[in-house]
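Coordinate analysis (summary)
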Amino acid sequence: MTATTGAEVRSSRSAGVAVVTGAGRGIGAATARRLSAAGLSVAVVDRTELDTAETVAAVTAAGGTAVGVGCDVALADEVDAAVRRVNEVLGPVDVLVNCAGVTRDRLLLTMGDDDWDTVMDVNFGGTVHWCRAVAGQMKQGGGGRIVNFSSVAADGNAGQANYAAAKAAVSGFTRTLAAELGPYGVTVNAVAPGFVATPMVDELAERLGADREAFLAEAATRSALGRVGAAEEIGEVVAFLAGSASGYVTGQTLVVDGGRP
């Protein structure tokens with residue numbers, strides 16, 4: 001990526017600045033592209049700046065403005081540094097999408113502390129770190145949109161005690177933060193996807209030794225629509241929650257699962 005000055009980038013934006021974590025691939029990447037299409041300048045955040053390159057290239061090729069930012073969301077100091085970088089290059093954050101997530105699936109009795117801590121620190125801790133880092137500037141700016149990622153797994157799923165706990169925590173945190181930030185014009189909502197075809201799902205199928213297409217076909221039978229979701233469909237829901245049409249929606253966790261029983 002060619003080095004860009006803050007003044008050059010800020011002069012080109014019109015609809016505001018969005019940060020999307022976990023945007024190197026999957027749902028995060030689709031969301032970053034969708035928000036760019038809505039006119040937002042996008043900070044594409046992933047574990048390393050190299051991991052953001054493909055999404056940044058896709059956004060810029062479509063005529064949008066994007067900057068790649070490397071950040072381990074589990075570490076508060078890296079999040080603070082990433083926010084400073086975004087502010088310097090793009091300007092204050094108007095939309096924050098906390099999509100970064102990992103899984104370490106095991107039955108609880110075989111789950112180590114590292115499996116538990118990693119999932120909690122990234123999925124829940126990363127969400128808290130980013131919200132804390134940008135909520136102040138949204139409050140001072142008189143408004144903003146925060147969209148967190150929960151999951152249908154928050155209802156409980158065997159082998160995912162860590163992931164379920166983290167995603168349930170995100171939902172409770174979302175409703176609480178909505179109450180705290182509402183008086184300042186900031187809405188806070190969450191999206192809870194069901195089964196979506198993403199690279200993370202491909203990795204899960206591989207770990208289980210399952211054929212990818214058979215794995216997806218079996219998952220499709222658990223949806224009222226008879227299919228699995230696409231990352232772009234989740235991006236559309238995020239775009240709604242990040243836009244002006246959702247101004248009276250806050251504190252909600254919107255389930256997007258194709259009608260899972």
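Small disclaimer: the values here were computed from a predicted structure and weren't measured.

Rules behind the numbers
- Residues numbered from 1 in each chain as written.
- Predicted model: local features only at pLDDT ≥ 70, side-chain atom pairs only at ≥ 80, totals over all residues.
- Heavy atoms only, no water.
- Phe/Tyr/Trp six-rings, centres within 6.5 Å; stacked < 30°, edge-to-face > 60°.
- Helix = DSSP H or I, 4+ residues; strand = E, 2+ residues; numbered from the N terminus.
- Lys NZ or Arg CZ within 6 Å of the ring centre and 35° of its normal.
- Buried < 20%, exposed > 50% of the residue type's maximum accessible area, 1.4 Å probe, protein only.
- Contact = heavy atoms within 4.5 Å.
- Pairing = 2+ DSSP bridges.
- Axes fitted to C-alpha atoms, helices over the stretch in contact; angles between N-to-C directions.
- pLDDT = per-residue confidence, 0-100.
- 1 Å grid on protein atoms, 1.4 Å probe; cavity = no way out; pocket = protein on both sides within 12 Å on 5 of 7 lines; lining within 4 Å.
- Points joined across faces, edges and corners; volume = space filled by probe spheres on them.
- Nonpolar A, V, L, I, M, F, W, Y, C, P; charged D, E, K, R; others polar.
- Right-handed = clockwise from strand over helix to strand, strands pointing away.
- Patch = residues over 30% accessible without salt bridge, like charges linked within 9 Å, V, L, I, M, F, W, Y side chains within 5 Å.
- Areas by Shrake-Rupley, 256 points an atom, 1.4 Å probe, with all protein chains shown as cover.
- Salt bridge = Lys/Arg side-chain N within 4 Å of Asp/Glu carboxyl O.
- Lys, Arg positive; Asp, Glu negative; His and termini not counted.
- Charge placed at Lys NZ, Arg CZ, Asp CG, Glu CD.
- Parallel < 35°, antiparallel > 145°, perpendicular 65-115°, else oblique.
- Left-handed = near helix turned anticlockwise from the far one by under 90°.

Moving on: the packing of aromatic side chains. Here the structure, examined in full by the defined rule, presents 2 aromatic pairs. Relative to Phe-173, the ring of Phe-124 lies with its centre 6.0 Å away and its plane at 85 degrees, an arrangement referred to as edge-to-face. Taken together, the residues Phe-124 in helix H5 (residues 113–141) and Phe-173 in helix H6 (residues 161–181) connect sequence positions 49 residues apart. Sitting above the plane of the Tyr-184 ring, Lys-139 keeps its charged end 4.5 Å from the centroid.

We now examine the side chain of Asp-72. Inspection of the secondary structure assignment puts Asp-72 in the loop between strand E3 (66–70) and helix H4 (76–89). Asp-72 gets classed as buried once you look at its relative accessible area, which sits at 14%. Ignoring sequence-local partners within four residues, the contact set of Asp-72 consists of Arg-47, Glu-78 and Val-79.

This paragraph deals with the sheet that holds strand E4 (residues 95–98). Taken together, 7 strands build an open sheet; the order of strands is E3-E2-E1-E4-E5-E6-E9 and the sheet is parallel. The sheet terminates laterally at E3 and strand E9 (253–256), the two strands that pair on one side only. The mean angle between the axes of side-by-side strands here comes to 20 degrees, regardless of whether they run parallel or antiparallel. The strands that H4 touches are strand E1 (17–21), strand E2 (41–46) and E3; relative to E3, the one it contacts most, it runs at about 160 degrees.

Quick look at the confidence of the model for the chain now. For the chain, the mean per-residue pLDDT works out to 92, and 95% of the residues sit at or above 70. Taken together, the stretch residues 1–13 has pLDDT below 50 and engages in 22 contacts with residues farther than four places along the chain or on a different chain.

On to the environment of Thr-103. By the secondary structure assignment, Thr-103 is in the loop between E4 and H5. Here the alpha-carbon distance between Thr-103 and Asn-123, two residues 20 residues apart in the chain, equals 8.8 Å.

A separate point is empty space enclosed by the protein. Under the defined criterion, the tally for this structure stands at 1 cavity of 30 Å³ or more. Residue lining of the largest cavity: Thr-21, Val-73, Asn-98, Cys-99, Ala-100, Val-122, Asn-123, Gly-126, Thr-127 and Trp-130, and that is the complete set. Among the elements that take part in the lining of the largest cavity, H5 stands out by supplying 5 residues, more than any other. In the lining of the largest cavity, the residues fall into 5 nonpolar, 5 polar and no charged.

For the rest of this paragraph, the subject is the pairing of strand E5 (residues 144–149). Counting buried residues in E5 gives 6 out of 6 residues, a clear majority hidden from the surface. The alternating pattern of E5 places Gly-144, Ile-146 and Asn-148 on one face and Arg-145, Val-147 and Phe-149 on the opposite face, and all of these are buried. In this structure, E4 lies alongside E5, joined through 4 bridges in parallel fashion. Bridge assignment links Asn-98 to a residue of E5, and that residue is Asn-148. Pairing geometry for E5 and strand E6 (residues 186–193), over 6 bridges, is parallel. The residue bridging Arg-145 from the neighbouring strand is Thr-187, located in E6. Each parallel crossover has a hand, and the one from E5 via H6 to E6 is right-handed.

Negative charge collects at one region of the surface, where Asp-113, Asp-114, Asp-117 and Asp-121 lie side by side. With respect to the helices and strands, Asp-121 occurs in helix H5. The exposure class of Asp-121 is partly exposed, given its relative accessible area of 40%.

This part is about the packing of helix H2 (residues 26–37) against helix H3 (residues 53–61). For the pair H2 and H3, interaxial distance at closest approach is 10 Å and the crossing angle is 25 degrees. Our classification of the angle between H2 and H3 gives roughly parallel. Considering only the axes of H2 and H3, their crossing is right-handed. Residues Ala-29, Ala-32, Arg-33 and Ser-36 of H2 pack against Thr-55, Ala-58 and Val-59 of H3. Broken down by class, the residue content of the contact of H2 with H3 amounts to 4 nonpolar, 2 polar and 1 charged.

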